[in-house]
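Read off the chains here:
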Amino acid sequence: MKFINLTHQTLLTLTLSLLLNSCSSTTNQTLKTPIAVHNEPVEIQYTVEGKTERIVHLKVDSKNNYSNLSLVCDSQILVDNIDIPNAGIVTVNALVDFKTEGEKKIKILKQGGEITLLDIKFNATDIPAIPQFKDISDESGLKTEYTWKYGGPSVGDLNNDGLYDFVLNNHDKVPAKLFWNLGNNKVQEHSEILKQWDIHGSAVGDYDNDGDVDIIIAQGGGNGTDPQPPHLLRNDNGKFTEVSIEAGITHGSRGRAVRWIDMDLDGDLDLLLINAEGINSSSGSQQIIYTNIGNGHFKIAHSKAIEGANAERVLVTDINGDQKDDLILFSPISVWVGNGDLTFTDVTKQWVPENLQKTDLITGACEIDIDNDGDMDIYLSRGKPSYEIANKSLDYNPITKRMDMRDEGNKGITSIDFEAPGHITLSGIFLWYRMYNDGFPLHLGASKKEILDVQEKDTIKVTPEMAKGWPNERKENGWYLGYLGNNKWRLESVRNGNIYWEIRISIDGVQSVHPEWTPQNRNVQDVLFRNDNNHFTDVTTKWNVPLGGNNQGVVAADFNNDSHIDLFVYRFGFLKSSVSDWLLLNNGKGQFETTTLHNAHDPNDPGHGDMGQAFDFNLDGNIDLLNGSDNYGKWYLYDNSLIQNKNYVLVRVNYSDLHHIDPMSATVTVTTPSKSYTKRVGSSGEVFSQSLLNTVHFGLGDDETIKSITVRWRNGETYTAKNLKVNQVYTTP
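Conventions and cut-offs
- Residues numbered from 1 in each chain as written.
- Predicted model: local features only at pLDDT ≥ 70, side-chain atom pairs only at ≥ 80, totals over all residues.
- Heavy atoms only, no water.
- Helix = DSSP H or I, 4+ residues; strand = E, 2+ residues; numbered from the N terminus.
- Rg over C-alpha atoms; globule rule 2.2 N^0.38 Å.
- Buried < 20%, exposed > 50% of the residue type's maximum accessible area, 1.4 Å probe, protein only.
- Contact = heavy atoms within 4.5 Å.
- Areas by Shrake-Rupley, 256 points an atom, 1.4 Å probe, with all protein chains shown as cover.
- Lys, Arg positive; Asp, Glu negative; His and termini not counted.
- Charge placed at Lys NZ, Arg CZ, Asp CG, Glu CD.
- Pairing = 2+ DSSP bridges.
- Axes fitted to C-alpha atoms, helices over the stretch in contact; angles between N-to-C directions.
- UniProt positions renumbered as here; feature names shortened; annotations may be inferred.
- Polar contact = N/O pair within 3.5 Å; in protein donor to acceptor, adjacent residues only side chain to side chain.
- Phe/Tyr/Trp six-rings, centres within 6.5 Å; stacked < 30°, edge-to-face > 60°.
- Lys NZ or Arg CZ within 6 Å of the ring centre and 35° of its normal.
- pLDDT = per-residue confidence, 0-100.
- Salt bridge = Lys/Arg side-chain N within 4 Å of Asp/Glu carboxyl O.

1. Overview of the overall build of the protein chain
Inference 1: A count of helices and strands for the protein chain gives six helices and 55 strands.
Inference 2: The C-alpha radius of gyration of the protein chain comes to 26 Å, within 12% of the 27 Å expected for a compact globule of 733 residues.
Inference 3: Reported as C-alpha extents along the three principal axes, the dimensions of the protein chain are approximately 80 × 65 × 50 Å.
Inference 4: A buried classification covers 63% of the 733 residues belonging to the protein chain.
Inference 5: In the protein chain, 64% of the contacts between residues at least 6 apart in sequence involve partners at least 24 apart.
Inference 6: For the protein chain, the exposed area adds up to about 27300 Å²; of that, 47% sits on carbon and sulfur atoms.
Inference 7: Within the protein chain, one finds 66 positive and 98 negative side-chain charges whose respective centroids are separated by 7 Å.

2. Some remarks on the sheet that holds strand 28 (residues 377-382)
Inference 1: With respect to topology, four strands assemble into an open sheet ordered 27-28-40-41, the strand pairing being antiparallel. Looking at the sheet topology across the chains shown, the edges are occupied by strand 27 (362-368) and strand 41 (536-538). Between one strand axis and the next, the sheet turns by 25° as a mean value, whatever way the strands run.
Inference 2: Across six bridges, the pairing between strand 27 and strand 28 is antiparallel. Counted as the bridge partner of glutamate 367 is isoleucine 378 from strand 28.

3. A word on the pairing of strand 45 (residues 592-595)
Inference 1: Side chains Phe592 and Thr594 project from strand 45 onto one buried face, and the interleaved Glu593 and Thr595 project onto a second face that is buried too.
Inference 2: With four bridges joining them, strand 44 (residues 582-586) and strand 45 adopt antiparallel strand pairing. From the neighbouring strand, leucine 583 faces strand 45, where its bridge partner is threonine 595.

4. Focus on the UniProt feature "domain: ASPIC/UnbV" (unreviewed entry) in the protein chain
Inference 1: The UniProt record annotates "domain: ASPIC/UnbV" (unreviewed entry) at residues 666-731.
Inference 2: Within residues 666-731, the helical portion is 0% and the strand portion 55%, while the C-alpha atoms at the span's ends are 14 Å from each other.

5. Concerning the sheet that holds strand 18 (residues 239-242)
The pairing of strands in a sheet comes from backbone hydrogen bonds and takes either a parallel or an antiparallel form.
Inference 1: Strands sit in the order 15-16-17-18 across an open sheet of four strands; the sheet is antiparallel. Of all strands in the sheet, those bounded by a partner on one side alone are strand 15 (199-205) and strand 18. When the angles between neighbouring strand axes are averaged without regard to direction, this sheet yields 25°.
Inference 2: The pairing of strand 16 (residues 214-219) with strand 17 (residues 231-236) spans three bridges and is antiparallel. When the bridges of strand 17 are listed, isoleucine 217 appears paired with histidine 231.

6. Quick word on the side chain of asparagine 397
Inference 1: With respect to the secondary-structure elements, asparagine 397 resides in strand 29 (residues 393-397).
Inference 2: Here isoleucine 399 takes part through its backbone nitrogen, which lies 2.8 Å from a polar atom of the side chain of asparagine 397.

7. Notes on the packing of aromatic side chains
Two measures describe an aromatic ring pair: the distance that separates the ring centres and the angle between the ring planes.
Inference 1: Evaluated as defined, the whole model comprises 27 aromatic pairs.
Inference 2: Measuring from centroid to centroid gives 5.9 Å for phenylalanine 166 and phenylalanine 617, while their planes differ by 45°, and the two rings are tilted. One end of the pair, phenylalanine 166, is in strand 12 (residues 165-168); the other, phenylalanine 617, is in the loop between strand 46 (608-615) and strand 47 (624-630), and 451 residues separate them in sequence.
Inference 3: Here phenylalanine 430 and tryptophan 432 contribute two aromatic rings whose centre-to-centre distance is 6.4 Å and whose plane-to-plane angle is 55°, an arrangement assigned as tilted.
Inference 4: Its relative accessible area of 9% is what places phenylalanine 430 among the buried residues.
Inference 5: Pairwise contacts between aromatic rings join Phe133, Phe559, Phe568 and Tyr570 into one cluster.
Inference 6: Taking NZ or CZ as reference, arginine 434 lies 3.9 Å from the ring centre of tryptophan 501, over its face.
Inference 7: We note arginine 571 situated over the ring of tryptophan 582; from NZ or CZ to the ring centre the distance is 4.3 Å.

8. With respect to unusual backbone geometry
Inference 1: Cis geometry is found at the peptide bond from serine 331 to proline 332, where omega equals 10°.
Inference 2: With respect to the helices, strands and loops of the structure, proline 332 is situated in the loop between strand 24 (326-330) and strand 25 (334-338).
Inference 3: Along the chain, asparagine 631 connects to tyrosine 632 via a cis peptide bond; the corresponding omega equals -20°.
Inference 4: If you trace the backbone, tyrosine 632 turns up in the loop between strand 47 and strand 48 (635-640).
Inference 5: The phi dihedral of lysine 392 falls on the positive side, at around 60°, and the residue is not glycine.

9. As for the pairing of strand 43 (residues 566-571)
Inference 1: Of all six residues that make up strand 43, six are buried, and the element is covered over most of its length.
Inference 2: Taking every second residue as pointing to the same face, both faces of strand 43 are buried, with Asp566, Phe568 and Tyr570 on one and Leu567, Val569 and Arg571 on the other.
Inference 3: As defined by bridge partners, strand 42 (residues 551-557) adjoins strand 43 across six bridges and the pair is classed as antiparallel. The residue of strand 43 that forms the bridge with asparagine 551 is arginine 571.
Inference 4: Here strand 43 runs beside strand 44; their pairing, made up of three bridges, is antiparallel. Its bridge partner being in strand 44, leucine 567 is matched across the sheet by leucine 584.

10. Observations concerning the confidence of the model for the protein chain
Detailed reading of predicted coordinates is not advised where the pLDDT is low.
Inference 1: Of the residues in the protein chain, 95% have a pLDDT of 70 or more, and the chain-wide mean is 93.
Inference 2: In this model, residues 1-29 is a region of pLDDT below 50 whose contacts with residues beyond four sequence positions or in other chains number 62 contacts.

11. Things to note about the pattern of salt bridges
Inference 1: Scanning the model with the defined rule gives 35 salt bridges in all.
Inference 2: When the shortest N-O distance is used, the salt bridge between aspartate 395 and arginine 522 registers 3.0 Å. Of this pair, aspartate 395 sits in strand 29 while arginine 522 sits in the loop between strand 39 (512-515) and strand 40 (527-531), and the two are 127 residues apart along the sequence.
Inference 3: Through salt bridges with shared partners, one network takes in Glu145, Lys177 and Glu189.

Listed below in structure tokens is the structure:
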């Protein structure tokens, strides 16, 4: 038995090499006849003249439930796996940049079902520039392990030095960590770990109003068997002490999301715990509210409606502009208006269009003023969580000849036939533990020769002779692999009970795949809601939101400083390989132009797009990204290296002068000669965690002066400064 290691880099190099050297060709300048895209790439020619940025429009006929298309030119991936989410005729588009003029050969390749390319067009774009990001993780000191995440980081200025620090939410084997921002593009890991094992979302906020920012971390509940309160870590000049019990936080549940919110408008931060279904807290409610009673102490408060709401995730926002925090709970979606007295009113039927009132599979949400009218619109990323993906999910890459499969670990039998002309290589065998300890061996051929204790890191070469034949009896738990002759193979998994949460396997050397079952279509449609005073309007299609996808999070910011707020959407990708996330650039004309050409992507990372935060890490006026790659990936710090040709302003919101109200949920309004912009202090997007981004960034486009900046704290205190310069950082007194 020979064990080898096929790295993600090896597969990436192999894919690109095969792609560039193996394709059928057409010399059409523009497509005149349909082209069938099979397992081999096809090639078209196109002449670039003038501006090198283009919008490519693809019209395809998809023969199967779903597929993905990529475009490559001059060894550069122009579009990384655009989703074709369903069978039938589908039109998709993306923003590309050829970099240079001249004659171009464009290679088109697909994964998934068979498609026919019906038409391809390239149109001009007015987007001023596509932001380019540089990975500065290692050079900054952000060196992290490959590990499970839990819905993004919490970012905030924990020591009030004007620089953003990071709380990284690692789920179990690697603890949650804190990194301090030292300035000069450097960070340093805190000397002690924060918490470890079954850690979920976190939030940063100054609950005791002492001038430094504290941390709270949600604790899971042992699959519903052991409800736990969250961990409150009081910050005393950079030393963190767990004070949950002495602060009165003794009730918990299956902790997921935690939020600091001033729910009674008395000036201090209360606490909202959003928990998973299952065994509820000792108070009998799924969701838990703690009111801040001062002197660093909390007590349970009751709001019957919100306590029974069905949700694990939440976005804190203000949909009606009354300076009282509102909630978007998910999933399914429900909308709750804050009453300012620790209670909330369910306004879902009023605010959400009737056909979307049961929208589920929402993974993340952010507030975004898409049209600069001063109210908060809402973007919902949607995708399938891991336990839903683990149900007959199959990927086959015809270039690398690799098959990846995930299935549930419940009682059942799953078989799949495939063809391979020679030996095959098994890897990535993963069994998600569920209190079952009796093993899941690999049985080879008719003799059922057992290979025991196969680890996820192991790679196993299997020849046809080793797996010859197929056993008549397959009753024991495990994998069964047999070679049937004429290049035909069969794989079967047998589970005699609900023994795992999920099982996974990958096989290299596969020529074709023939499942007896229909592979799961993992595409789910994101949703964009425009705020129209007292209700949301679905403008998903109108604003050119990408079709389909399996997206896990979203953040909003003006990434190119053109004064229009953009979106960064985190894509799950394939089962065993990542794809570039979507950057949705707001063109200021009522649409997004979507691209994967931003470089905020590590093609060697074996994980999946998860969640992050968007903020100005180094205060240079460009919005940077802190991204997490999940299962198993690293944390990445990306510097936005966009050459500055548009203006900006940064407004650092401190505590209010009169009543010392902390910055959370303050609103900042910047007025220029041409426009007025309003943003709230909070997160750039939320899943399970909450940030405190109190140095608020505004892209100002071509405006060269600022008429006024007004800050309004949540208690009504205001501060205004007038006649200011652009491209500066301003701080409230």
